[in-house]
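For reference, the chains in residue letters:
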Amino acid sequence: MDTSHEKFRQRYLESLTQTINPAVIDYLIISHTEPDHSGLVRDVLALAPQATVVGSKVAIQFLEDMVHQPFPRQIVKNGDRLDLGNGHELEFVIAPNLHWPDTIFTYDTKTQVLYTCDAFGMHYCNEQIFDQDLALIEADFRYYYDCLMGPNARSVLAALKRMEQLESIATIATGHGPLLRHNVQELTNRYHQWSQAQAKAETTVAVFYISDYGFGDRLSQAIAHGVMKTGVAVEMMDLKSADPHEVKELVSLAAGLVIGTPPTNEVAIQTAISTILATAKAKQSVGVFESGGVDSESVYPLVNKFRDLGLTPAFPPIIIKETPTAATYQLCEEAGTDLGQWLSRDRSIKQMKAFDTELEKAVARLSSGLYILTAERDDLTGAMVASWVSQTSFKPLGITVAVAKDRAMESLLHVGDRFVLNILEEGKSQALIKHFLKRFAPGSDRFAGVKTYSVNNAPVLAEALAYLECQVVSRMECSDHWIVYSTIQSGRVSKTEGLTAVHHRKIGNHY
Ligand SMILES: Cc1cc2nc3c(=O)[nH]c(=O)nc-3n(C[C@H](O)[C@H](O)[C@H](O)COP(=O)(O)O)c2cc1C
């Protein structure tokens, strides 16, 4: 079932050959052709040339380009079965876009194990093989869904429907993180609930990318994640395997378009781009990114064509020549958020206006202090103005901060992340507030021109009255905000007689 990434060649092949004589392998099932699962197909076939490769039609097509030599194959469709003997009859579930265009799940009728490759996974690992401790894994389970599955919510719902046809699922053997055995129902229900919420969104952005070129898949996922933070749905489509009718349909229903182009003249890709251009309409918003190109100019003709058609550019073209870093993905996420915020601006204004005036005034009487949250992780930095901050526990000392779901800084406030709460001083807060409320371009340095010093690698504002160094313990989803609960690791006051800046409001539907 699948192989591994080529960077694990030695370890993987050693393990494989210690476990089984490759000459007796009958079938190699390919869940999808992403490099971390299929990077060693060629190597396995060199050891087991008799093995029949089983996969979806698209997977076999992609594999031909990866293996470059004939191999025995069997294309499977939804519901097809393969009898391995000893009661192990495999049933295949077609699950395109979860999260690769060619994905299939495999169900073993004897063990009732459903092999789902990426779906239901998480980027989490400890000694436990199974999911007995739900509290330990649920934050990662959600985050993984948001990054990889949410952008294809309609496809998730379609796959869940097909899964209902299977007899009974005892275990979900995902390819990433613990295997699900104790919470199968609960966790599949969550996928259902989150995907339904996505599918109900009024606005959709279409993200076209090329799955197997450069870093196109991860860059497009980061943009998609940024869009989804604003409550706008995303549909992703691989330009290489997309059917022109599907491209046309998706462009027609989308309010915004994102196109990731490698500098290639491949016919299938050029045809898909021509279809996008022929279907795009002036009222749409568009963003373009290019990865893996040596000649960065090739992205501009496309940008100009969209401009000539009257589409609004959502963010400046993103051109990535080097291997992307965490900061590159942050830039992409912020660009996606800018696009989503632009598309949902009418909804936001309507929501603000819909407030009852008496209620508005009453809610505004809730007052607070004024703070700047700052954080640094690897080559990432973030900062935001916050007022919805409250002490929440004595032992250990803890605070909560309400962070809007579409804040750029939200991605630096996950469980385990560290940040600094800078407490501003009465009469001295305005310059800092003004600076951090500026509209920052995606990926820009929010600390430029601001005096900071470092405490345990966290940026503290030199002008703050006091600071608290915090670590995120948990997050609670509250409609349009995340309530982030954090314990306080250390803190200092710069001036004992100083008072905290207080924030009074006139209306309650604004900070
Ligand atoms: C006085 C004031 C208080 C704010 N408090 C919060 C807050 O508690 N939580 C939050 O998510 N945003 C809060 N904001 C909004 C943002 O911090 C601000 O608009 C943000 O810097 C821009 O969004 P971005 O960082 O995602 O680009 C506040 C804004 C103001 C003006």
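Quick caveat: nothing in here was measured; it's all calculated off a predicted structure.

Just to check I follow, could you spell out the packing of helix 6 (residues 153-164) against helix 7 (residues 184-199) for this structure?
Axis separation between helix 6 and helix 7 bottoms out at 8 Å; the angle between their running directions is 140°. Taken together, the axes of helix 6 and helix 7 are oblique relative to one another. Crossing angle aside, the handedness with which helix 6 passes helix 7 is left-handed. On helix 7, the residues that touch Ala153, Arg154, Val156, Leu157, Leu160 and Met163 of helix 6 are Thr188, Tyr191, His192, Ser195, Gln196, Gln198 and Ala199. When grouped by side-chain class, the residues that make up the contact of helix 6 with helix 7 number 7 nonpolar, 5 polar and 1 charged.

Please explain the pairing of strand 16 (residues 371-377) as it appears in this structure.
The buried fraction of strand 16 amounts to 5 of the 7 residues, a majority that puts the element mostly inside the structure. Both strand 16 and strand 17 (residues 380-386) contribute to a ladder of 7 bridges, which runs antiparallel. Each residue of the ladder has a partner; that of leucine 373, found in strand 17, is methionine 384. Alignment of strand 16 against strand 20 (residues 418-423), held across 4 bridges, turns out to be antiparallel.

Where do I start with the domain arrangement of the chain in this structure?
Interface size is often expressed as the accessible area that is lost when the parts come together. For the chain, the assigned domains are domain 1 (6-198), domain 2 (202-348) and domain 3 (357-503). The distance between the C-alpha centroids of domain 1 and domain 2 comes to 27 Å. Surface buried jointly by domain 1 and domain 2 totals about 1400 Å² across both partners, of which 51% is contributed by carbon and sulfur atoms. On the domain 1 side of the contact with domain 2, Pro151, Arg154 and Gln198 bury the most area, a combined 35% of that side's loss.

Could you clarify how one ought to interpret the site of the ligand in this entry?
Near the ligand lie 17 residues; those nearest to it are Val385, Ala402, Ala404, Ala408 and Arg446. At 2.9 Å, a backbone N or O of tryptophan 388 approaches an oxygen atom of the ligand. Alanine 404 is positioned such that a nitrogen or oxygen atom in its backbone is 2.8 Å from an oxygen atom of the ligand. Surface burial for the ligand is 84%, taken as the share of its 640 Å² of free accessible area covered by protein chains. Secondary-structure elements contributing two or more residues to the shell around the ligand are strand 17 and strand 19 (398-404). Looking at side-chain class alone, the shell around the ligand contains 12 nonpolar, 2 polar and 3 charged residues.

Before we go on, may I ask you to explain the environment of valine 53 in this structure?
Locating valine 53 in the fold gives a position in strand 2 (residues 52-55). The buried category is assigned to valine 53, whose relative accessible area is 0%. Along the backbone, valine 53 and alanine 159 are 106 residues apart, and their C-alpha atoms lie at a distance of 22 Å.

Help me out: how do you make sense of the sheet that holds strand 4 (residues 81-83) in this one?
Backbone hydrogen bonds hold the strands of a sheet together, and the pairing may be parallel or antiparallel. Reading across from one edge, 4-5-6-7-8 is the order of the 5 strands in this open sheet, with mixed pairing throughout. With partners counted over all chains shown, the strands left at the sheet margins are strand 4 and strand 8 (171-174), one partner each. For this sheet the average axis-to-axis angle between neighbouring strands, irrespective of direction, equals 25°. With 5 bridges joining them, strand 5 (residues 89-94) and strand 6 (residues 104-108) adopt antiparallel strand pairing. Across the sheet, residue isoleucine 94 finds its bridge partner in strand 6, namely isoleucine 104.

Which parts of the structure should I look at to understand the pattern of salt bridges?
Side chains that differ in charge, positive against negative, can pair when their charged atoms come close. Tallied over the entire structure, the rule returns 19 salt bridges. One salt bridge connects glutamate 64 with arginine 73, and the closest N-O pair in it is separated by 2.7 Å. Residue arginine 73 is classed as partly exposed on the basis of its relative accessible area, which comes to 35%. We note a salt bridge from glutamate 425 to lysine 495, for which the minimum N-O separation is 2.6 Å. Note that glutamate 425 is positioned in the loop between strand 20 and helix 15 (430-436) and lysine 495 in the loop between strand 24 (481-493) and strand 25 (502-503), a separation of 70 residues in sequence. Of the residues examined, glutamate 425 reaches a relative accessible area of 10% and is grouped as buried.

What counts, and at which threshold
Residues numbered from 1 in each chain as written. Predicted model: local features only at pLDDT ≥ 70, side-chain atom pairs only at ≥ 80, totals over all residues. Heavy atoms only, no water. Axes fitted to C-alpha atoms, helices over the stretch in contact; angles between N-to-C directions. Helix = DSSP H or I, 4+ residues; strand = E, 2+ residues; numbered from the N terminus. Parallel < 35°, antiparallel > 145°, perpendicular 65-115°, else oblique. Left-handed = near helix turned anticlockwise from the far one by under 90°. Contact = heavy atoms within 4.5 Å. Nonpolar A, V, L, I, M, F, W, Y, C, P; charged D, E, K, R; others polar. Buried < 20%, exposed > 50% of the residue type's maximum accessible area, 1.4 Å probe, protein only. Pairing = 2+ DSSP bridges. Domains from an automatic or database assignment. Buried area = accessible area lost by both parts, 1.4 Å probe. Near = heavy atom within 4 Å. Polar contact = N/O pair within 3.5 Å; in protein donor to acceptor, adjacent residues only side chain to side chain. Areas by Shrake-Rupley, 256 points an atom, 1.4 Å probe, with all protein chains shown as cover. Salt bridge = Lys/Arg side-chain N within 4 Å of Asp/Glu carboxyl O.

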